[in-house]
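Coordinate inspection notes
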Amino acid sequence: MDILLIAGLWLDGSAWEDVVPELTALGHRPVPVTLPGQGDGTVSATLDDQLAAVLAAVDTAHGKPLVAGHSAAAILAWLAADRRPGKVAEVALIGGFPRADGRAYADFFPIEDGAMRFPGWGAFGEAHSADLDQEARHRLASTAVPVPEGVARGVVRLTDGRRYDTPVVVVCPEFTPAQAKKWIAAGESPELARATRLDYVDLDSGHWPMVTRPRELARVLAEAAAS
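Criteria and thresholds
Residues numbered from 1 in each chain as written. Predicted model: local features only at pLDDT ≥ 70, side-chain atom pairs only at ≥ 80, totals over all residues. Heavy atoms only, no water. Pairing = 2+ DSSP bridges. Helix = DSSP H or I, 4+ residues; strand = E, 2+ residues; numbered from the N terminus. Axes fitted to C-alpha atoms, helices over the stretch in contact; angles between N-to-C directions. Contact = heavy atoms within 4.5 Å. Left-handed = near helix turned anticlockwise from the far one by under 90°. Nonpolar A, V, L, I, M, F, W, Y, C, P; charged D, E, K, R; others polar. Core = buried A, V, L, I, M, F, W, Y, C linked by side-chain atoms within 4.5 Å. Buried < 20%, exposed > 50% of the residue type's maximum accessible area, 1.4 Å probe, protein only. Phe/Tyr/Trp six-rings, centres within 6.5 Å; stacked < 30°, edge-to-face > 60°. Lys NZ or Arg CZ within 6 Å of the ring centre and 35° of its normal. Expected span 1.5 Å × (residues − 1).

1. Looking at the sheet that holds strand β1 (residues 2–6)
Taken in spatial order, the 6 strands make up an open sheet running β2-β1-β3-β4-β7-β8, and their pairing is parallel. For this open sheet the edge positions go to β2 (29–32) and β8 (198–202), each flanked by a neighbour on one side alone. Here the strands of the sheet are splayed against their neighbours by 20° on average, with no regard to which way each runs. Pairing of strand β4 (residues 90–94) with strand β7 (residues 168–172), which is carried by 4 bridges, proceeds in the parallel orientation. Bridge pairing links Ile94 to Val171 in β7. Lying over the sheet, helix α3 (residues 74–83) contacts β1, β3 (66–70), β4 and β7, oriented at roughly 150° with respect to β3.

Set out below in structure tokens:
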């Protein structure tokens, strides 16, 4: 199966470089998606541009793909299910949750000179980065791509209720499945509360498992694809 890999904020497609060979060895076709504004040099990219890149990958996939979104890109994965109902086999949400219609995509940190820059490790809790050694922290921070304002402040638009029929697996890295279920039950993710098939997988890692646990993450995605 084709497995589309969408990296979160500040990351380009190279974030998946250790996951790709693992998925290939497990018999799948991994496809890291290059997001406009995060790796292609386009500083004026918008959320619509990023979604268009994801949808192009869905449309050119071999059969129905699994769409995996990391962190904020979980929203892009869910948008793919909304725009291509019936054409996405499953959505994997890695350390992230969909946002409701009308919400900003990822307006988390200040915008400076038209972009949202990596805010430094102090902006994240210990659970997020506990398994990153100094070398990995330096590599991630030094290669972080500022996210264009048009992406960060783009408005999420959901249009097709058939998205709820797309199977979803919530991959839980720095939080547990029990915590995720509690958040959803409390109304913090109204989109997932309406999903007809929702599974959870615990992954003992921080927020960037593609860096710290690539083999384990690949196995989780392969198992999701097989289901």
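2. Some remarks on the packing of helix α2 (residues 47–59) against α3
In contact at an axis separation of 10 Å, α2 and α3 are set at 65° when each is read in the N-to-C sense. Judged by the sense of rotation from one axis to the other, the crossing of α2 with α3 is right-handed. Along its contact with α2, which presents Leu47, Gln50, Leu51, Val54, Leu55 and Val58, the element α3 presents Leu76, Leu79, Ala80 and Arg83. Here the contact of α2 with α3 is composed, by residue class, of 8 nonpolar, 1 polar and 1 charged.

3. Here's the deal with the nonpolar core
Ranked by internal contacts, the top residues of the largest apolar core, which has 74 residues, are Ile6, Leu76, Tyr105, Trp208, Leu217 and Leu221. Sort the elements by how many residues they give to this core and α3 lands first, with 8 residues. With sequence-adjacent residues up to four places away left out, Ile6 is seen in contact with Trp16, Val33, Leu35, Val54, Val67, Ala68, Gly69, His70, Ala73, Leu76 and Ala77.

4. A word on the packing of aromatic side chains
According to the stated counting rule, one finds 13 aromatic pairs in the structure shown. Their ring planes at 55° and their centres at 6.2 Å tell us that Trp78 and Tyr164 sit as a pair that is tilted. Pair noted here: Trp78 is in helix α3 and Tyr164 is in the loop between α6 (149–152) and β7, with a separation of 86 residues, a long-range link. The class of Trp78 is buried, set by a relative accessible area of 1%. Residue class for Tyr164 comes out buried when judged on its relative accessible area of 7%. For the ring pair Phe118 and Trp121, a centre distance of 5.1 Å and an interplane angle of 70° mean the geometry is edge-to-face. Three or more aromatic residues link up through ring pairs in this structure, and these residues are Trp10, Phe109, Phe118, Trp121, Phe124 and Trp208. Its guanidinium or amino end placed over the ring of Trp121, Arg137 lies 5.8 Å from that ring's centre, counting from NZ or CZ.

5. Observations regarding α2
Between the first and last C-alpha of α2 there are 18 Å, a value that for 13 residues agrees with the 18 Å anticipated at 1.5 Å per step. Burial in α2 covers these residues: Leu47, Gln50, Leu51, Ala53, Val54, Leu55, Ala57 and Val58. Elements that come into contact with the buried residues of α2 comprise β1, β3, α3 and α6.

6. Brief notes about unusual backbone geometry
Leave glycine aside and you will find that most residues have negative phi; peptide bonds, for their part, are mostly trans. Positive phi is not limited to glycine here, since Ser71 has a value of about 55°. Unusually for a residue other than glycine, Asp113 sits at a positive phi of about 55°. Assignment of secondary structure puts Asp113 in the loop between β4 and β5 (115–116). Residue Asp113 is classed as exposed on the basis of its relative accessible area of 78%.

7. Side note on the environment of Ile111
Mapped onto the elements of the fold, Ile111 is located in the loop between β4 and β5. Spatially, the C-alpha atoms of Ile111 and Pro65 are 34 Å apart, while their sequence positions differ by 46 residues. Aside from chain neighbours lying at most four places away, what touches Ile111 is Met116, Glu149, Ala152 and Arg153.

8. Focus on the pairing of β7
For β7, the buried fraction is high: 5 of the 5 residues fall into the buried class. Of the two faces of β7, the one carrying Val168, Val170 and Cys172 and the one carrying Val169 and Val171 are both buried.

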